[in-house]
Every structure is written in C-alpha cells, then in structure tokens.
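Structural overview
Below, each chain spelled out in residue letters.
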Amino acid sequence: MKGRKDIVWFEEVDKNDVGLVGGKGANLGEMTNARLPIPYGFIVTARAYFDFIKSAKLQGKIDSLLAIVNYNNPPEIQQASGHIQKLILRAEFPGDLAKEIVEYYEQLPLKEEKYFKERHSAFALGQHSLKKVYDPPLVAVRSSATAEDLPNASFAGQQETYLNVKGDAVLIQKVKECWASLFTERAIYYRHEQGFDHFKVGLAAVVQRMVQSEKSGIAFSIDPVSNDRHKIVIEAIFGLGEYIVQGKVTPDHYEVSKGSFSLLQKKVSYQNVKYVKRGTENKEVALSRLEGSRPKLSNEEIVRIALQVADIEKHYYFPQDIEWAIEKGRIYIVQSRPITTMNTSSKINESESLEDQPDLRRFKLLVTGAPASPGIGAGPVTIIFSPAEIDRIKKGDVLVAPQTNPDYVPAMKKASAIITEKGGRTSHAAIVSRELGVPAVVGAEKATTILKHETIVSVNGKTGEVFQGNIPSSIKAARVQPLTVKKMHTLTKVYVNLAEPSQAEKIAKLDVDGVGLLRAEFMIAQIGVHPKEFIRKNKEALFVSILTRDLLKFAKPFSPRPVVYRATDFKTNEYRHLKGGADYEPHEENPMLGFRGAYRYIANPDVFSLELRALKNIWAMGYRNLHLMIPFIRVPWELIRIKEVVRSFGFFDYPDFKLWIMVEVPSAALNLVEFIKIGIDGVSIGSNDLTMTLLGVDRDNEEVAPLYDERNPVVVSVLEQIVKTCSARQITCSICGQAPSDYPELIEKLVRAGITSVSVNPDAITRSREVIYGCEKKLAAKLVK
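Thresholds applied
- Residues numbered from 1 in each chain as written.
- Predicted model: local features only at pLDDT ≥ 70, side-chain atom pairs only at ≥ 80, totals over all residues.
- Heavy atoms only, no water.
- Helix = DSSP H or I, 4+ residues; strand = E, 2+ residues; numbered from the N terminus.
- Buried < 20%, exposed > 50% of the residue type's maximum accessible area, 1.4 Å probe, protein only.
- Polar contact = N/O pair within 3.5 Å; in protein donor to acceptor, adjacent residues only side chain to side chain.
- Contact = heavy atoms within 4.5 Å.
- Pairing = 2+ DSSP bridges.
- Axes fitted to C-alpha atoms, helices over the stretch in contact; angles between N-to-C directions.
- Arc of directions from axis to C-beta.
- Salt bridge = Lys/Arg side-chain N within 4 Å of Asp/Glu carboxyl O.

1. Focus: the side chain of Glu313
- Relative to the elements of secondary structure, Glu313 occurs in helix α12 (residues 299–316).
- The exposure class assigned to Glu313 is buried, which follows from its relative accessible area of 15%.
- A distance of 2.9 Å separates polar atoms of two side chains, one belonging to Glu313 and the other to Lys258.
- In this structure, Glu313 is in contact with Ser221, Ile222, Lys258, Phe318, Pro319 and Gln320, ignoring residues within four places of it in sequence.

2. Structural notes on the sheet that holds strand β1 (residues 7–9)
- Strand order in the open sheet made by the 5 strands is β1-β2-β5-β3-β4, with antiparallel pairing throughout. Only two strands of the sheet have a single partner each, and these edge strands are β1 and β4 (161–165). Averaged over all adjacent pairs, the angle separating strand axes in this sheet is 20°, with direction ignored.
- Sheet topology note: the strand β3 (residues 139–146)/β4 ladder contains 3 bridges and is antiparallel. Along β4, the bridge assignment pairs Val139 with Val165.
- Across the sheet, helix α8 (residues 168–180) lies against β2 (41–44), β3, β4 and β5 (202–209), angled at about 25° from β3, the strand it touches most.

3. Here we look at helix α26 (residues 672–679)
- Among the residues of α26, those classed as buried are Leu672, Phe675 and Ile676. Looking straight down α26, one finds its buried side chains confined to an arc of 100°; they lie on one side.
- Packing partners of the buried residues in α26 comprise α24 (636–648), β26 (659–663), α25 (666–670), β27 (682–685) and α28 (713–728).

4. Thoughts on the pattern of salt bridges
- Across all of its chains, the model carries 28 salt bridges by this definition.
- Put simply, Glu521 and Arg566 hold a salt bridge, and the shortest N to O gap is 2.8 Å. Taken together, the residues span a long stretch of sequence, with Glu521 in helix α18 (residues 521–527) and Arg566 in strand β24 (residues 563–566) at a distance of 45 residues. The exposure classification of Glu521 matches that of Arg566, with both residues buried.
- The partner of Glu533 in a salt bridge is Arg536, and the shortest N-O contact between them spans 2.8 Å. Here Glu533 and its partner Arg536 are both found in helix α19 (residues 531–536), 3 residues apart, which amounts to about one turn of the helix.
- Take Arg536: its relative accessible area is 53%, and that puts it in the exposed class.

5. What to know about the pairing of strand β7 (residues 231–238)
- β7 sits mainly inside the fold: 7 of its 8 residues count as buried.
- Where strand β6 (residues 215–220) and β7 come together, 6 bridges link them in antiparallel fashion. Bridge pairing in β7 links Ile218 to Glu235.
- As paired strands, β7 and strand β8 (residues 252–257) are joined by 6 bridges and run antiparallel to one another. Paired with Ile232 across the strands is Val256, a residue of β8.

Right, dumping it as structure tokens:
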C-alpha cells in the first residue's frame, strides 16, 4: 500500500493523498495522471519524516523549545527556529531510507523516458532524447507540507525549495534541510496563529527533474484581482521562475479570453536581470536595454499556455494558480493549486471607488503601478528594505518596499496598504495582499525614492494609483452629507446570490432584501472532503459543525431578512474531485443531466441529513430566517419523498420555515401545478439549467455555446408561464440564475408578469433595483390611467 511507503513515483499518488505527500505532491501526482506535461519525479513521503522525528527522538526537544516562545516577539521565534533546525540537521539520517532515495534517484532518467513514451508520445519526441537531457540527473527538492486532519490549512511559501541538486550525498542532505524548513520562523508563526499542532504537520520532499527554463511565469485561470472568470491572466519573465514569485522583476502581463483564446491585453515590462543556470549553480545575469525590453512570449506561446491553463481548470473544476516554464520550446507545468484569494474582502469597501469622487483633481498622483489587490487604503508611509526592518511597521502604515517575501507577512498584516517597486499581479506581495484583503499596488517604479517617510498617501489597489493625502477620509466625509443617495423602495424584492461566507457581513450592509440563492457547493468544496468520507470515518459531527459555522455567517448578518439555502447540487464529476470522492461517485458521460439535485437526497439520505442537521442547528440558535431550497427536481414524487425527510427533522413545526423548489427542467415547469399541490412555499427559477434543458444545449460545452441564450423567445415564454402559475396560486416566485444579473430587460418582463423577487450577483444589486423601480413606476402609472 502506498500509505505505508517512504517513497512514491508521481503517478502512484493523486489528489486524495495530501496526507501522505502534501498538497504540492498530491497535485503533481494528479496532474501527472491527467497526462499534463509535468517534469517527472518522486516523493519522499511525510511518513518518512514522521519516522525520522520518532527514531531521532526529537519531538520532546522541539516541544520544550517552543513551549517558552513569546510569539509576539520575532527575535524569540527566530532563536527557537535556529535551535530546532540545528537539532534536525545534526540528527542521524536513517540508513535504509538514504539507500532507497539513491535507488529512486538513479532510476529517474530512464523512468521518466519510459513514462513519457507511454503517456506522452508526442511530447517525448523531439530533436534531442530525454536520456541526453537527464544524464546525469539534476533535480529540484521541494517541500510539500501536509496535515491530514486540517483540510483547510495552507502552507504555501513557508518551507524551502532547493534547485540544481546533483549527486547522492547532496540530495540526501537537501531532503534533510527540507525537513528542517518545517520549523522556519514563518512556518512556526503560521501554525501558532492558526492553532495547529506542530507535530500533526508533516513534510514530504518532492524530488523533481529540473527544468532549465528560458522563460517562466505564473498563470491564473481567472483574473486574480477582479475575479473575472472569463479571462486567463499570464505573467512571464526571462529565466528561471524564482524572480517572478519573489517580485524581483516586473513581468510582462497578458490577458486572454477564456472563450475565444483571443489576446485581450499585452503589456511588456522592461527586465534588467534574469536568473539562469550556470553549471550546477543559478546566477543572476544582467540584460541589456534591448534584450530586457523584448516581449517575453510570442502570441503563439501565449495561446499555448492559455490552452493548458483552461485544460487544468476543467480538470480541477476550480480556478487555478499555475506555475509554468518553457525549455527548448516545450511548455512544462511545474505546479497547480487552487486560487485561495477569490472574493477576499478588502479593508476599505471596494464601493468606495476613487473614480466616483468629483473632487479627485485636488489630490496629487504620486506613483502608478500594476493593480494587485483591490480596495483603497491610506496612512503614513513607512519604507523598509529588508525583513530585518519589519518591526518598524505599525498598524495602519502604508508599507513601501522594493519587493516582499514570506518574511514580510507579519508586517503586511498590520499595513493599511502595500506598495512595491517590482513584481506583478502574481508576485508574493500581490498574492499575500489579496489573501489578507489589503489594498496593494506592485511594480511602482521608484516608489521608495518618490514617496517620503511618514507622509500620508492613499493607495487604490483597483487602479494601481497612489495619491497624496487621505482620500478615504474625504470619501467618508462626503458620504455623511444628507440626501446624497436616495434609497429606492420596490414591491419586487431584490435578493442576492452568495456562496462565500467571508462576504456575507459586507453584502448584508447593502440595499438588498435577503439572500435568494445561498450555494452550498463552495462551502463544501472549501471543506475539501466528500461528505461520505466523514460518514465512513464516523466524523459526521465535524462536517455538521463546519457547515453550521459557515451558515451562521449568513443567517446572522442578514437576520431577519430571508436566506434561502440551496441544498448541495454537486454533479458527479465535481464530487469526485473532493477527497475520497472517487470511492463514492460513478463516472458519467454527461453529469449535467445525471446523478444530481433532488434525486441525490433520496438515493443518499445520509448526506442530505448532514445538511439538515446544520440547518436545524441554526434554527436552534434562534434564527428564523434560514430556509431550504431543493435544486434540479424532476418529478412530483421526488418532492413527496424529500418532504418526508425534512419533516422528520421537525422543520414543519416551525411556522416561519419555508420550503422552496428550483424549476430547472421542462418537466417541473410544465407540471408546476402538481408540485404546488404537494405543498411548497416558493419557487426559484434556475435560468442557467432551464435554458440548457429547454434548448438542449450543454452549457459547459464550448462547441455549442453560441446557441445558449436565456433571451431565446421559447425560454422567455416558459419563464413568464412559471411566474404567472405561481402568481395565480399565490406562492412566492423568484429567479436566481445568471440571466437577471446580465440582462436587465429580462427583469422588466418578469416584473410585468408578477414575479415577487429577483436574486442577482452582488455587482448587479443597484442596477437591478433601478430597473425594477422604473418598471413598477410605469405599471403604477398605467393603473392610475
């Protein structure tokens, strides 16, 4: 069994093996098995690390050093880190493990050649043989931290990576140094802040063939700043990829349409140095003005990378952050991980946009750069040039630096905004700023020279501009003036579609009447483990506890306004990508029309019961605004069976409890009266799936995408019929698909038909309210006449 192995080849593991090989190792295995062009290698598993700590009797010594640390005092963390790493490095390396590592290392060149010939025949054939490239083996040793019982933990950037490793003895030493890097200052601090047990976190060492990249970079399958899912963002530099992550150089920036793969934006930045391999070492090489000003990628290379990015996102069913490299014309995918910064709320509400202020001209523009993390932040400038100076940053300062690295994170947490002279949207400063919700501008040339210490500046992370003075204060002052905004009251309710718990409190403050669609899938995807896996391990209470915690984040800020929770509507291909999912989910050729929605609750009542237990917990806390909606219901008898399960939990004993269904298939639309007779309180039209099923167009299939249109007369006619049926039977009717957010003219037609609410994306709340207000005003005028 692989769980008992100290070393595994990439293809022996996949996404379900995070506990054995860490997130990085599991992803490399997953991508290798998905036939993506991954530089080949093997992994020294976390089991080997834990056995080493035990055999060397290090746990007690490490524990005693950590027990006396004051975590608010960085020098104490630094001292403890140094002592612990010395303990690990001085301990004897297990002889049997060393022998096994050497055996795998020596097999690597031929093993990779055989692997690629079997799985990537087109990729393997080139002008030079793989054997020539890999003889002798030159590898990178990368840390891959893991915590099996901590599915939401993120250890990115905390441990070490070693490049250009060559030779048996050097390789074994670097594996040991990877283990020691589990106790760097930033790793110790992170685990303490998160409340993680230091001895439940292990480390696997990934040994991977080195790609000597002429060009390298990062790609996002969505825009990481705006969260625009229709774009692919690529950033590129000359040389090895370390300098783009560190933010030492400012990369070229390319934006590609995910639908057509046409180039939307191309911004070339001058690069003065590159990091390249020289012998067995990496060295910094100066570039001339002519060399450094050239585009890093050709248009063909941009599209080739974009195609790989799109394929990877399709495989994972979640937006991805991808590291890539080009060697001798071949594109390699070095790493892929889920984007962790989507929908992070900034410290200043993004609606406080500088562009909206009429008196903007009185503020002086000081520097500009690339927008990296949206929002507006202001404060006194504090300029630092190394991590040794982070103690100078006080809460509310604007941190200005040439670039940042993980050692800057404690200071970044205190900052009201961040400015760096180098780096792009994929640099360390940009990624961490988005995770923290701190407005940031990167690639702002000469910022440390132009900006003066302790002067007040305002940073607009959405536009990449830095202004003199405190603009947020001016915005707040302007907002308190009376009669600046007239609130519109409409009979038709305006609800919002939500999925991310961290956004709930912020959105609840807007002019919105409740949540018309609370998607369960994002919360469960964040848990990361298939619900049946919790049931198998008798950990149902943990799943229910996590889901209850997230649901409370919606019910509390919106109370007493309604929150309509749509029970899970994962398709089988999406469920399979959760940990353990492959053991429970069948393979389906067309999951969009397969085992999903209401029928799942009948087939798997144990999973549905976990959701109902979480909902019941919210009601037991006294909140009476969280309701239940059943998705993708096809026939009336499904509703009868589901109501029996819901009734067993006592929900119908609560007078305020509401049960809705989604109308997403023609059978439910045409037979709606029968569903109403069985007993429901409301209907929500899922325009996405209903359009798909009415037109016979798979909405996930790009080949037929031009046929998909919610404004098709047949679709509009069915929508109006649903609304009129609900109105005649005097039950609530809403619509919660993408259509009302995208097409205001559709909202107007449904308001005229008698719809009682529309549920839209957060960015469409205001304009939807305006459309409804105007429509209701016209209808009222006609009635008067």
